[in-house]
Amino acid sequence: MKHPKAAILLLAITIPALYAQQPKPAKNAAANKTATEAKAETESEEFLDTDTLTHPHPPMLLTVERLTERDYIEVANRLGVEPEAIKAVVDIEAGKEHRGFFKPGLPLINFDLTMFRKFAGKAGINLAKYNRTHAAVFNRPNARAHGSTQAAQQHRLRTARSIDDETAVMGTFWGMFQIGGFNWKLCGAKDIDDFVDKMSRSERDQLELFANFLVSTGLDQPLKAKNWAAFARGYNGPSYARRGYHTRMAAAYARHKRASRNISGFPTELSLGIKEDVDFTPMTLDSIN
């Protein structure tokens with residue numbers, strides 16, 4: 001180039017001029033949105049199925065963060081128990097799939113009407129006036145209408161929460177360990193919302209809440225000693241023997257122990273297939289005052 005200085009001068013003049021021609025972003029972008037655009041954005045934020053929504057603002061998760069063998073071992077070592085003993089509890093409470101979620105962000109739950117009535121009474125809530133307007137709460141879960149029993153339970157809880165959020169959460173059993181919401185303090189949660197947030201986040205969070213609950217109640221000791229009857233009495237309530245909770249725990253533990261001897265690893269990802277009618281009975285009404 002024969003005149004480099006002239007070329008540089010020309011660029012110095014041209015580039016700022018080009019930028020000056022670009023449209024400037026509005027200081028208040030929201031003010032420039034049309035009503036149609038605003039409506040479209042609102043609709044995009046509400047893509048979750050509100051029929052099965054249990055959490056007011058659930059994490060927008062696309063997948064469920066499953067428990068791994070390392071998760072079991074880490075928590076078991078901290079508690080001084082065997083991983084197979086923890087898995088035995090999950091077998092009974094969540095089924096052999098060891099699944100803590102119905103859908104991403106929606107933990108497996110069991111709404112207990114008896115518990116809900118109990119806590120509503122303590123809170124001075126007159127449930128009679130909701131019998132017709134919130135019929136789903138007081139009727140049996142309608143699996144046919146919602147596609148599955150668990151989907152119906154999710155709808156039932158959501159409806160109950162519209163009556164009174166805290167009471168509904170307390171009257172529900174949550175996650176793969178089916179811990180009653182009324183035990184949120186014993187699980188080490190900051191408050192009841194923190195309890196729901198963690199239950200809704202991952203299976204590892206559910207495991208941590210379970211571990212905190214065991215330590216708070218002293219149930220880590222019978223689990224460590226493999227005293228199935230003592231553990232079942234504290235975790236499932238005085239009627240544990242009628243349900244065969246302790247014998248099922250013993251059988252599940254033996255099964256996992258055999259499996260750990262026969263294979264070198266444990267599946268880190270298990271089926272998300274739904275299994276209905278598992279035993280949702282830890283710390284039920286007959287075990288509290």
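In this convention, every chain numbers its residues from 1, walking through the sequence in written order. Given that the model is predicted, a residue must reach a pLDDT of at least 70 before its local features are reported, and side-chain atom pairs must reach 80 or more before they are shown or counted; all residues, however, enter totals for whole chains, interfaces and linings. The basis for every side-chain value is the complete set of non-hydrogen atoms in the structure, without hydrogens or water.

Asks: It is not clear to me how the overall build of the protein should be interpreted in this structure. Could you clarify?
Replies: The way it works is that DSSP assigns letters per residue, a run of H or I at least four long becomes a helix, a run of E at least two long becomes a strand, and they are numbered from the N terminus. Within the protein, the secondary structure is distributed over 15 helices and 5 strands. Only protein chains enter the area calculation, which uses a 1.4 Å probe; residues under 20% of their type maximum are buried, those over 50% are exposed, and those in between are partly exposed. Taken over 289 residues, the protein has a buried fraction of 43%. Whether two residues touch is decided by their heavy atoms; if any such pair falls within 4.5 Å, the residues are in contact. Here the analysis covers contacts within the protein between residues at least 6 apart in sequence; of these, 71% occur between residues at least 24 apart. Entry remark: accessible area of the protein is about 15800 Å², with carbon and sulfur atoms responsible for 54%. Per-residue and other accessible areas follow the Shrake-Rupley method at a 1.4 Å probe size, with only the shown protein chains counted as cover for residues.

Asks: Could you clarify how one ought to interpret unusual backbone geometry in this entry?
Replies: Leave glycine aside and you will find that most residues have negative phi; peptide bonds, for their part, are mostly trans. Positive phi, normally seen in glycine, also occurs at His 98, with a value near 55 degrees. Checked against the element boundaries, His 98 lands in the loop between α4 (83–94) and β1 (101–103).

Asks: Would you explain the packing of aromatic side chains in this entry?
Replies: Note on aromatic pairs: each is described by the distance of the centres and the angle between the planes. Think of it this way: a Phe, Tyr or Trp ring, Trp meaning its six-membered ring, pairs with another when their centres are within 6.5 Å, and the plane angle makes it stacked under 30 degrees, edge-to-face over 60, tilted otherwise. This structure, assessed with the given rule, holds 9 aromatic pairs. Ring geometry for Trp 174 and Phe 195: centres 6.2 Å apart, planes at 85 degrees, overall edge-to-face. Here Trp 174, found in strand β4 (residues 172–174), pairs with Phe 195, found in helix α10 (residues 192–199); they are 21 residues apart in sequence, far enough to count as distant. The pair Trp 174 / Phe 195 is uniform in exposure class, with both members buried.

Asks: Where do I start with the packing of α10 against helix α11 (residues 203–217) in this structure?
Replies: Pairs of packed helices are described in terms of their axes, by the angle between the two and the distance that separates them. At their nearest, the axes of α10 and α11 sit 7 Å apart, and the two run at 130 degrees to each other. Relative to α11, α10 is oriented oblique. Contacts between α10 and α11 pair Phe 195, Lys 198 and Met 199 from the former with Asp 205, Gln 206 and Leu 209 from the latter. Residue polarity is assigned by list, with Asp, Glu, Lys and Arg as charged and Ala, Val, Leu, Ile, Met, Phe, Trp, Tyr, Cys and Pro as nonpolar; anything else, Gly included, falls into the polar class. Its residues assigned to classes, the contact of α10 with α11 comprises 3 nonpolar, 1 polar and 2 charged. Here the axes come from fitting lines to C-alpha atoms, over the contacting stretch only for helices, and the angles between their N-to-C directions go from 0 to 180 degrees. Each angle gets one of four labels, with under 35 degrees taken as roughly parallel, over 145 as roughly antiparallel, 65 to 115 as roughly perpendicular, and the rest as oblique.

Asks: Explain a negative patch on the surface to me, please; I cannot follow it from the model alone.
Replies: Patch criteria: residues need more than 30% relative accessible area and no salt bridge. Like-charged residues are merged within 9 Å; nonpolar side chains of Val, Leu, Ile, Met, Phe, Trp and Tyr are merged within 5 Å. A side-chain nitrogen of Lys or Arg and a carboxyl oxygen of Asp or Glu constitute a salt bridge if their distance falls within 4 Å. When charges are counted, Lys and Arg are positive and Asp and Glu negative, with His and the chain ends excluded. A charge is said to be at NZ when it belongs to Lys, at CZ for Arg, at CG for Asp and at CD for Glu. Together, Glu 166, Asp 191, Asp 193 and Asp 197 make up a region of like negative charge exposed at the surface. Take Asp 193: it is sitting in helix α10.

Asks: Help me out: how do you make sense of the nonpolar core in this one?
Replies: Generally speaking, nonpolar side chains in soluble globular proteins are found buried as a group. To form a nonpolar core, buried Ala, Val, Leu, Ile, Met, Phe, Trp, Tyr and Cys residues must be joined to one another through side-chain atoms within 4.5 Å. Ile 86, Phe 177, Leu 223 and Tyr 235 are the most contacted members of the largest nonpolar core, which has 61 residues in total. Here this core gets 7 residues from one element, more than from any other, and that element is α4. Beyond its immediate stretch of four places on either side in the chain, Leu 223 contacts Val 81, Ala 85, Ile 86, Val 89, Leu 214, Trp 228, Phe 231 and Met 249.

Asks: What exactly am I supposed to notice about the side chain of Asp 220 here?
Replies: With respect to the helices, strands and loops of the structure, Asp 220 is situated in helix α12 (residues 220–225). For the buried Asp 220, no salt bridge is present, and the opposite-charge side chain at shortest range is Lys 224, 7.5 Å distant. Those residues in contact with Asp 220, other than ones at most four positions away along the chain, are Val 81, Leu 214 and Val 215.

Asks: Any chance you could explain the pattern of salt bridges here in plain terms?
Replies: Think of it this way: side chains of opposite charge can pair up when their charged atoms draw near. All told, the structure shown has 13 salt bridges when counted by the stated rule. The shortest N-O distance in the salt bridge between Glu 203 and Arg 66 comes to 2.8 Å. Taken as a pair, Glu 203 in helix α11 and Arg 66 in the loop between α2 (35–44) and α3 (69–79) lie far apart in primary sequence, 137 residues in all. Residue classification places Arg 66 among the buried residues on the basis of a relative accessible area of 12%. Asp 71 is the salt-bridge partner of Arg 204, the closest N and O atoms lying 2.6 Å from each other. Note that Arg 204 is positioned in helix α11 and Asp 71 in helix α3, a separation of 133 residues in sequence. Given the relative accessible area of 19%, Arg 204 is considered buried.

Asks: Whenever I open this one, helix α5 (residues 113–122) confuses me. Can you help?
Replies: It helps to recall that an α-helix has 3.6 residues per turn; residues three or four apart then point in one direction. Those residues of α5 lying buried are Leu 113, Met 115, Phe 116, Phe 119 and Ala 120. The buried side chains of α5 occupy one side of the element, clustering within an arc of 155 degrees when seen end-on. For α5, the exposed residues lying more than 90 degrees away from the buried face are Gly 121 and Lys 122. Turning to α5, the residues buried within the fold contact β3 (109–111), α6 (135–138), α8 (149–163), α9 (165–170) and β4. Each polar contact in these results corresponds to two N or O atoms within 3.5 Å; when the atoms are within protein, one needs to be able to donate a hydrogen and the other to accept it, and residues that are neighboring in sequence are counted only if both atoms are side-chain atoms. Structurally, the start of α5 carries an N-cap: the backbone nitrogen of Thr 114 is 3.0 Å from a side-chain oxygen of Asp 112. Positive backbone phi, approximately 75 degrees, marks Gly 124, located one or two places after α5. Directions from the helix axis toward the C-beta atoms define the arc.

Asks: What exactly am I supposed to notice about the environment of Tyr 245 here?
Replies: Position of Tyr 245 relative to the elements: it lies in helix α15 (residues 245–262). Tyr 245 sits in the buried class, given a relative accessible area of 0%. The sequence separation of Tyr 245 and Arg 233 amounts to 12 residues, and the corresponding C-alpha distance is 8.8 Å. Looking at Tyr 245, its side chain comes within polar contact range of the side chain of Glu 93, at 2.4 Å.

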